[in-house]
Amino acid sequence: MHIVVFGASGPTGRQLTDQALAAGHRVTAVARRPQAVPPRAGLTVQAADATDPDAVDAAVAGADAVLSALGATPGRKPVTVYSAGATNILAAMRRQGVRRLVAVSSSAVDPAWRPSGEFLFNHLLDPYVNRVIARTAHQDMRRMEAVLRASDLDWTIARPSALFDHPVVTGYRHAEESADGLYTARADLAASMLSQLTDDRYLRRAMGVITTDVRPTLRQLLRGNSGKG
Ligand SMILES: NC(=O)c1ccc[n+]([C@@H]2O[C@H](COP(=O)([O-])OP(=O)(O)OC[C@H]3O[C@@H](n4cnc5c(N)ncnc54)[C@H](OP(=O)(O)O)[C@@H]3O)[C@@H](O)[C@H]2O)c1
């Protein structure tokens, strides 16, 4: 398969690229800073800002499927990259005759998501992290999800919980809408997204993804995740 990865310079995008190449796919890594993506056999690096429709169109040409790990650093400023990126990617896919898209959102976008046994998170951290620090990012993730849900292309929304770096794929779990757990390893998120390219279970649905085999240390969480949504 020829897979196009948006957000390829970010840590989840790197996992998507590495895992797709390891599985024998041809990969186009799309980044606004192409120098941030190390060259490898089987990999084409394409410079494109996701907010530029023509650049996105050129990046999507010839793809069998598109994966998006686009994201913004949460802050007080309005965020538009999720919805603008999804709008441009879907329009480009339609023009180029590409149907399959898996795009990253967040468990926090599901209003019913309250991971079991996580009292500290649910009562202290969540109201602050998700309702204050990441509020504008989550607002735009909701807009992105609405853009995807309005499309008749073959989309899946991937909703991870708090992301952390772990070197290998573990026995992750997935569930419709969101999964009952606080943490998701980026390797597991990437593996779950790639698995959807040959699986229709979450076609035009949201898939929650969590990691249960390992739990991040506080250091791991802070190092790979400075307040991101
Ligand atoms: N951190 C968490 O706990 C958490 C929880 C749930 C969901 N998420 C979501 O999971 C996804 C992956 O997160 P992550 O921490 O692995 O990656 P990340 O650090 O958020 O990386 C985001 C990627 O998007 C790219 N990007 C941003 N704006 C762009 C634009 N206009 N054009 C092209 N590329 C653009 C960035 O490129 P540059 O390198 O050029 O900036 C980077 O490659 C994000 O959507 C994030 O919101 C995160």
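In the block above lies the structure referred to throughout.
Please read these numbers as outputs of a predicted model, since none were measured by experiment. (Residues numbered from 1 in each chain as written. Predicted model: local features only at pLDDT ≥ 70, side-chain atom pairs only at ≥ 80, totals over all residues. Heavy atoms only, no water.)

Let us look at unusual backbone geometry. If you check the backbone angles, Glu177 has positive phi at about 75° while not being a glycine. Among the secondary structure elements, Glu177 is positioned in the loop between β8 (173-176) and β9 (183-185). With a relative accessible area of 30%, Glu177 lands in the partly exposed category. For Arg204, which is not glycine, the phi torsion reads 55° and is therefore positive. For Arg204, the location among the structural elements is in the loop between α6 (186-195) and β10 (206-210). (Helix = DSSP H or I, 4+ residues; strand = E, 2+ residues; numbered from the N terminus. Buried < 20%, exposed > 50% of the residue type's maximum accessible area, 1.4 Å probe, protein only.)

The next point concerns the packing of aromatic side chains. In the structure shown here, the tally under the stated rule is two aromatic pairs. Each ring, one from Trp113 and one from Phe121, has its centre 5.5 Å from the other, and the planes form 65°; the classification is edge-to-face. A single burial state applies to Trp113 and to Phe121, both of which are buried. (Phe/Tyr/Trp six-rings, centres within 6.5 Å; stacked < 30°, edge-to-face > 60°.)

Rolled over the atoms, a probe as big as a water molecule pinpoints where empty space is left. One pass over the full model with this rule turns up two cavities of 30 Å³ or more. Its volume calculated, the largest cavity comes out at about 50 Å³. Ser68, Leu70, Val81, Tyr82, Gly85, Ala86, Ile89, Leu101, Ala103, Met144 and Leu148 are the residues that line the largest cavity. Contributing elements (two or more residues each) for the lining of the largest cavity: α3 (81-96), β5 (100-104) and α5 (135-149). The biggest single contributor to the lining of the largest cavity is α3, with five residues. Classifying every residue of the lining of the largest cavity by side-chain character gives nine nonpolar, two polar and no charged. Around the second largest cavity, the lining residues are Ala108, Asp110, Pro111, Trp113, Arg114, Asp126, Asn130 and Arg131. (1 Å grid on protein atoms, 1.4 Å probe; cavity = no way out; pocket = protein on both sides within 12 Å on 5 of 7 lines; lining within 4 Å. Points joined across faces, edges and corners; volume = space filled by probe spheres on them. Nonpolar A, V, L, I, M, F, W, Y, C, P; charged D, E, K, R; others polar.)

This brings us to the pattern of salt bridges. Side-chain pairs of opposite charge can arise whenever the charged atoms involved come near each other. Taken as a whole and judged by the stated rule, the model has 14 salt bridges. With a shortest N-O distance of 3.7 Å, Glu145 and Arg149 are connected by a salt bridge. Of this pair, Glu145 and Arg149 are both found in helix α5, four residues apart, which corresponds to roughly one turn of the helix. Judged by relative accessible area, which is 4%, Glu145 ranks as buried. Residue Arg204 pairs with Asp154 through a salt bridge whose shortest N-O separation is 2.7 Å. Pair noted here: Arg204 is in the loop between α6 and β10 and Asp154 is in strand β6 (residues 154-160), with a separation of 50 residues, a long-range link. Classification of Asp154 as buried rests on a relative accessible area of 16%. Each of Glu145, Arg149, Arg159 and Glu177 takes part in one network of salt bridges that share partners. (Salt bridge = Lys/Arg side-chain N within 4 Å of Asp/Glu carboxyl O.)

Before going further, it helps to examine the sheet that holds strand β4 (residues 65-68). Read from one edge to the other, the open sheet built from eight strands follows the order β3-β2-β1-β4-β5-β6-β10-β8, with strand pairing classed as mixed. Each edge of the open sheet is held by one strand with a lone partner, namely β3 (43-47) and β8. Each adjacent strand pair in this sheet contributes to an overall mean axis angle of 20°, direction not counted. Sheet topology places strand β2 (residues 26-31) next to β3; five bridges connect them, and they run parallel. Residue pairing across strands places Thr28 opposite Thr44, the latter belonging to β3. (Pairing = 2+ DSSP bridges. Axes fitted to C-alpha atoms, helices over the stretch in contact; angles between N-to-C directions.)

Our next topic: the side chain of Ser68. Within the secondary structure, Ser68 sits in strand β4. When neighbours within four sequence positions are excluded, Ser68 is seen to be in contact with Phe6, Ile89, Val102, Ala103, Val104 and Met193. (Contact = heavy atoms within 4.5 Å.)

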